[in-house]
2 protein chains.
Amino acid sequence: MTSKKVVELFYDVVSPYSWLGFEVMCRYRHVWNIELKLRPAFLGGIMQGSGNKPPGMVPNKFMYMTNDLHRLAGYFNVPLQFPADPFEAMFKKGSLSAMRFVAAVQEREKGGDKQVEQVSRELWRRIWSEDKDITEPASLSEAGMKAGLSDSEIKEALALYNSKEIKEKLKSATKEALDYGAFGFPMIVCHVNGKPEMFFGSDRFELMAHCIGEKWLGPQPHSAVKL
Amino acid sequence: MTSKKVVELFYDVVSPYSWLGFEVMCRYRHVWNIELKLRPAFLGGIMQGSGNKPPGMVPNKFMYMTNDLHRLAGYFNVPLQFPADPFEAMFKKGSLSAMRFVAAVQEREKGGDKQVEQVSRELWRRIWSEDKDITEPASLSEAGMKAGLSDSEIKEALALYNSKEIKEKLKSATKEALDYGAFGFPMIVCHVNGKPEMFFGSDRFELMAHCIGEKWLGPQPHSAVKL
């Protein structure tokens, strides 16, 4: 018997705020009494399904987000940097193959989610830190290697990620997020007394802690614990 | 000589997140070493000037905001409740006369901003707690009374609020916010070492504290101090 609260994190590596939320939740899974479920999904499908528009389309909002993300990256200790052409990276190239690759890694992985976590992180590092491609098989393969997957594991994921099964898996996770009411990512769903409590974005952790009966120690809880 | 950091709070009583930000900043002006400047402005002008759209237009976002505001109101201890017809209250009736009234009260008030603070709060209470009108002179007058203004002070503000001078004053505050890069409210501008640091919304207080060298004690700092 466990009293761990289930917390689902819906994310897409195309979304920089998702990276911040992902790192915070990966830190807190070892601090709070929660069972974190990584839910890779497709942000493009969320925007289309909810009728939402990317926030960067309003010039003042885009300028603010650039500065906001820069400040938050420092405060959260996540090495986030804007690519030279964020619109090209986010909207022209997008993340559909990258997220299918993550879904394939998740499909294959047994007994945990270390590989999904690491592959997601390496894909974020490529697009949101090193301004590298995340659409080509060679890019996915490189991210897999950095994440510590074996050659055969990468080969299997690459053989799988364009299959009907994986396309459906990603579509179904995206639909689940929409059904919870998502209109963007990250979307964190905390299951509290049988009721889903949704938190959008990477700025509700203090409120989330309050709702699940835990303590918020800032975005870097381990340094807080050490102090 | 004072080392108080100047913090400008741009707001409009039509905006529920602004109410949360307003109450938090009014609490922290007595906790942090800051000089809080209340900057009533017109959100309609910000949306038009920045090309932004109200977030409530996306159904999933509207549903989320309803729940998010309800949770935050409890956590922040602000008696916020949705009006029966929020679209009617926010978009059809709007806040232009209310914000001109606040600007007129500010224009008249000497030696402090207690009246501006109280009148703003009473207007928020009307629209975002008691589902009452904020467009008619009688409504503004009632808010003024609750805020502790004398009959002659209310009369003067009502004689002033439709004047060219006050219209220009509100327009100019709105333009200043746009020039800082606003695309919505609340927008909080912290002047740190001669540089304006902007914070949009009511979910960046922890980061703001970090940026101005203060400590975040949660949305109810006085109970935190008492503990």
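As the structure is a prediction and not an experimental result, all values here were calculated from the model. Note that residues are indexed from 1 along each chain, following the sequence as it is written. Here every chain gets a letter starting at A, and every ligand a number starting at 1, in the order they are written. With pLDDT at 70 or above as the cut-off, local features in this predicted model cover only qualifying residues; side-chain atom pairs require 80 or more to be listed or tallied, and sums for whole chains, interfaces and linings still use all residues. Only hydrogens and water are set aside; all other atoms, that is, all heavy atoms of the structure, feed into the side-chain values.

K.L.:
So, the UniProt feature "active site" (unreviewed entry) in chain A: which residues are in play, and what are the values?
P.N.:
All names here are of chain A. Following the UniProt record, one finds the feature "active site" (unreviewed entry) at Ser15. By the secondary structure assignment, Ser15 is in the loop between strand 1 (5-11) and helix 1 (16-28). For every residue, the accessible area obtained with a 1.4 Å probe (protein chains only) is divided by the maximum for its type, and the residue is called buried under 20%, exposed over 50%, and partly exposed between those limits. A relative accessible area of 6% places Ser15 in the buried class. Contact between two residues is taken to exist if any of their heavy atoms lie within 4.5 Å; hydrogens are not considered. Setting aside residues up to four positions removed in sequence, Ser15 forms contacts with Leu43, Trp124, Trp128, Phe185 and Pro186. UniProt positions are given in the numbering used here, feature names are shortened, and annotations may be inferred rather than shown by experiment. Comment: elements are numbered from the N terminus, with helices defined as DSSP H or I runs of at least four residues and strands as E runs of at least two.

K.L.:
Which residues make up the side chain of Glu122 of chain B, and what are the values?
P.N.:
All names here are of chain B. Among the structural elements, Glu122 can be located in helix 6 (residues 114-128). Think of a polar contact as two N or O atoms within 3.5 Å of one another; within protein, one of them needs to be a possible hydrogen donor and the other a possible acceptor, and neighboring residues in sequence only count if both atoms come from side chains. Here the side chain of Glu122 touches Arg125 through a polar contact of 3.1 Å, side chain to side chain. Filtering out sequence-adjacent residues up to four positions away, Glu122 remains in contact with Ala143, Lys146 and Ala147.

K.L.:
Quick one: what's the story with the pairing of strand 4 (residues 195-200) of chain A, residue by residue and with numbers?
P.N.:
All names here are of chain A. Two strands qualify as a pair provided that DSSP identifies no fewer than 2 bridges between them. Pairing analysis gives six bridges linking strand 3 (residues 187-192) to strand 4, with the strands arranged antiparallel. For Met187, the partnering residue across the bridge sits in strand 4 and is Phe200. Here strand 3 folds back onto strand 4 in antiparallel fashion, the turn holding two residues, of which Asn193 has a positive phi close to 50 degrees.

K.L.:
Before we move on, could you go through the nonpolar core and cite the residues and values that matter?
P.N.:
Nonpolar core, defined: a set of buried Ala, Val, Leu, Ile, Met, Phe, Trp, Tyr and Cys residues in which side-chain atoms within 4.5 Å join the residues together. With 151 residues, the main nonpolar core has Met25 of chain A together with Met25 of chain B as its most contacted residues. Met25 of chain A has contacts with Val7, Leu9, Trp32, Ile34, Leu36, Ile188, Phe205 and Met208 of chain A, leaving out every residue within four places of it along the chain.

K.L.:
Residues and numbers for the relation of the copies chain B and chain A, please.
P.N.:
A least-squares superposition brings the copies together, and it is based on the C-alpha atoms of residues with pLDDT no lower than 70 in both. Note on the copies: chain B fits chain A at an RMSD of 0.0 Å, the axial shift is 0.0 Å, and the rotation between them is 180 degrees. Taken together, the turn and the small shift mark the pair as related by a two-fold rotation axis. Closest approach to the rotation axis among the C-alpha atoms of chain B is made by Asp203 of chain B, whose C-alpha sits 2.9 Å away.

K.L.:
I'd like a description of the sheet that holds strand 3 (residues 187-192) of chain B, backed by residues and values.
P.N.:
Residues and elements named next belong to chain B. Taking strand neighbours across the sheet as the criterion, the four strands line up as 2-1-3-4 in an open arrangement whose pairing is mixed. Of all the strands in the sheet, just strand 2 (34-40) and strand 4 (195-200) have a single pairing partner and so form its edges. Within this sheet the neighbouring strands show an average axis-to-axis angle of 20 degrees, counted without direction. Angular values range over 0 to 180 degrees, each being the angle between N-to-C directions of two axes fitted as lines to C-alpha atoms, with helices fitted over their stretch in contact. Strands in contact with helix 10 (residues 205-212) are strand 1 (5-11), strand 2, strand 3 and strand 4; relative to strand 3, the strand with the most contacts, it is inclined by about 15 degrees.

K.L.:
Requested: an account of the environment of Leu69 of chain B, with residues and values cited.
P.N.:
All names here are of chain B. Along the chain, the position of Leu69 falls in helix 3 (residues 59-76). Leu69 gets classed as buried once you look at its relative accessible area, which sits at 0%. Distance from Leu69 to Gln81, taken between C-alpha atoms, is 8.3 Å for residues twelve residues apart in sequence. With residues up to four places along the chain from it excluded, the contact list for Leu69 reads Pro16, Tyr17, Leu20, Leu80 and Phe82.

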